[in-house]
Amino acid sequence: MAIAESVPPLDVEEVALADAAGRVLRQPVCAERDQPPFDRVMMDGIAVEFATLDSGQRRFRIAATQHAGDREQSLSDPAGCIEVMTGAVLPRGSDCVIPVERLLVNAGFAEVEEGYETQQFRFIHKQGSDFREGVEVLPPGNAITPMDIAVIASCGLGRVRVSRLPVVRVISTGNELVAAGRPIETHQIRLSNGPALVAMLARQGFTDCAHDHLLDNEQLLADRIEAHLSAADVLILSGGVSMGKADFVPQVLADLGVTKVFHKISQRPGKPMWFGLGPRQQAVFALPGNPVSSLVCCRQYVLPALHRASGRHARAAEVAVLDETVIFEPALTNFLPVRVHTDTSGILRASPVSTNTSGDFAALSGTDGYVELAREISKFNAGCQVPLHRWDTP
Ligand code: AMP
Ligand code: MG
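First, a word on scope: everything that follows refers to the structure included in this document. (Residues numbered from 1 in each chain as written. Chains lettered and ligands numbered in written order. Predicted model: local features only at pLDDT ≥ 70, side-chain atom pairs only at ≥ 80, totals over all residues. Heavy atoms only, no water.)

## Considerations on the site of ligand 1
Rules: Nearness is defined per residue: one heavy atom within 4 Å of the molecule or strand is enough. Think of a polar contact as two N or O atoms within 3.5 Å of one another; within protein, one of them needs to be a possible hydrogen donor and the other a possible acceptor, and neighboring residues in sequence only count if both atoms come from side chains. Per-residue accessibility takes into account occlusion by the displayed protein chains alone, with areas from the Shrake-Rupley method and a 1.4 Å probe. Lys, Arg, Asp and Glu make up the charged group, whereas Ala, Val, Leu, Ile, Met, Phe, Trp, Tyr, Cys and Pro make up the nonpolar group; the residues left over, Gly among them, are polar.
Taken together, 14 residues sit near ligand 1, with Glu-176, Ser-192, Asn-193, Gly-240 and Gly-289 positioned nearest. For ligand 1, a nitrogen atom lies 2.9 Å from a polar atom in the backbone of Ser-192. A distance of 2.9 Å separates an oxygen atom of ligand 1 from a polar backbone atom of Gly-240. For ligand 1, the protein covers 79% of the area, taking 480 Å² as the surface of the free molecule. Taken together, the residues of the shell around ligand 1 sort by class into three nonpolar, eight polar and three charged.

Given below as structure tokens:
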């Protein structure tokens, strides 16, 4: 199924480094200089010529002090030493650092502790030993982590090219729905999908996701969905796509020029899902209202499509070993919520967490994701390997 490829690639924009965490890097980041850019002192202490120390000399006259941030000094007298601080340039003419903890410093002399042994280049982080100037230190195609921020900053980039954030609109439909914090009556249902979908998207870095709640009224749906379509790259609707008398969403979308790519998938949960492309190729994901269905469909179809459009490399597929035998009626792919753990032999195991129905979403809290059980098979024995989809790592 080509849903993952249906969202057109997002443009590139430049952002300040401070705003870059979580965004998808769209340029290679290359080393500005060797790393470290000079032979870097790794301990507070003294810098000496190793040959002098090796010849048996233990007492060194302190000729100068070299702090971090000072220009390189020279050790002109090989019998002397230069006091050095962590992060300083190694003084020219020296090739060994002795930490202050091993010294007795008195009246302009440093005396090395008895029995202390060392080697040439000890406590010196050699120039270019991490990487060389010009090498690619970060490839494009990954979400920028805090560690990447350090690398980008070390390369001297104050701004960086990333994918534009998609404008996403999340729309909950249903007369019965009442948002949390508002008074509710017996016949009504708490609106939970919208906030959950927005949270799922935000966790993946998609933060431009306004939510709207629409009643099951054809005209109202048409007007508001049209407005959202003109504003957004991607629409995610929940509810109103099944066979009920108030399930107006497919017809309204068709009337607005959203071309249906498919309606219904042979899977459980999430069978009634509708997917289409708007006049500007906006992807329209109309998810079933059942909470388990809408969360699974968002994780399974919407997030991968958004990541792909953002230029993010796909993650390697994961597999887990099923902990219990499960039996399903054939012909439908089943997405079964699971908790995972690694057993004592290091094997990743998935324990099914049964949801009562696709409306029983309380059971999803505490699950790590779901396993995909192929439609061709109806009995999956404990111990078999199955694809695992984690909520957090699409
Ligand atoms: P629908 O797909 O509109 O037929 O809705 C299927 C079931 O999911 C119904 O029980 C709805 O009340 C429920 N539902 C629909 N949308 C939401 C929502 N946003 N939050 C919680 N439950 C919902
Ligand atoms: Mg409904």
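What follows continues from the structure just given.
## Observations regarding the sheet that holds strand β18 (residues 259–263)
The following threshold applies: At least two DSSP bridges between two strands are needed for those strands to be called paired. Only DSSP runs of H or I reaching four residues or more are called helices, and only runs of E reaching two or more are called strands; each is numbered from the N terminus. Fitted lines through C-alpha atoms serve as axes, helices being fitted only where they are in contact, and the angles separating the N-to-C directions of these axes extend from 0 to 180 degrees. Should any heavy atoms of two residues lie within 4.5 Å, those residues are counted as being in contact.
Strand order in the open sheet made by the six strands is β16-β13-β17-β21-β20-β18, with mixed pairing throughout. The open sheet has two edge strands, β16 (209–214) and β18, and neither has a second partner. Averaged over all adjacent pairs, the angle separating strand axes in this sheet is 20°, with direction ignored. Judged from the five bridges that link them, strand β13 (residues 168–173) and strand β17 (residues 234–238) form a sheet pairing that is parallel. The residue bridging Val-168 from the neighbouring strand is Val-234, located in β17. Packed on one face of the sheet, helix α3 (residues 193–203) meets β13, β16, β17 and β21 (283–287) and runs near 160° to β13. Here helix α6 (residues 291–309) sits on the sheet in contact with β13, β17 and β21, set at roughly 170° to β21.

## Some thoughts on the sheet that holds strand β8 (residues 103–106)
Backbone-to-backbone hydrogen bonds pair the strands of a sheet. The strands run either parallel or antiparallel. Strands sit in the order β7-β4-β6-β5-β9-β8 across an open sheet of six strands; the sheet is mixed. Looking at strand neighbours, the two that pair on one side only are β7 (96–99) and β8, the edges of this open sheet. Taken over all neighbouring pairs, the strand axes of this sheet differ in orientation by 35° on average, direction set aside. Strand direction decides the pairing type here: strand β5 (residues 59–66) and strand β9 (residues 109–112), joined by three bridges, are antiparallel. Residue pairing across strands places Phe-60 opposite Ala-110, the latter belonging to β9.

## Points about the environment of Val-353
Formally: Note on classification: 1.4 Å probe, protein chains only; a residue is buried when its accessible area is under 20% of the maximum for its type, exposed when over 50%, partly exposed between these limits.
Positionally, Val-353 belongs in the loop between β25 (348–352) and β26 (369–373). Residue classification places Val-353 among the buried residues on the basis of a relative accessible area of 14%. Considered as a pair, Val-353 and Val-112 are 241 residues apart in the sequence and their alpha carbons are 65 Å apart. Once residues within four sequence positions are removed from consideration, Val-353 is found in contact with Pro-337, Val-338, Arg-339, Ala-363 and Thr-367.

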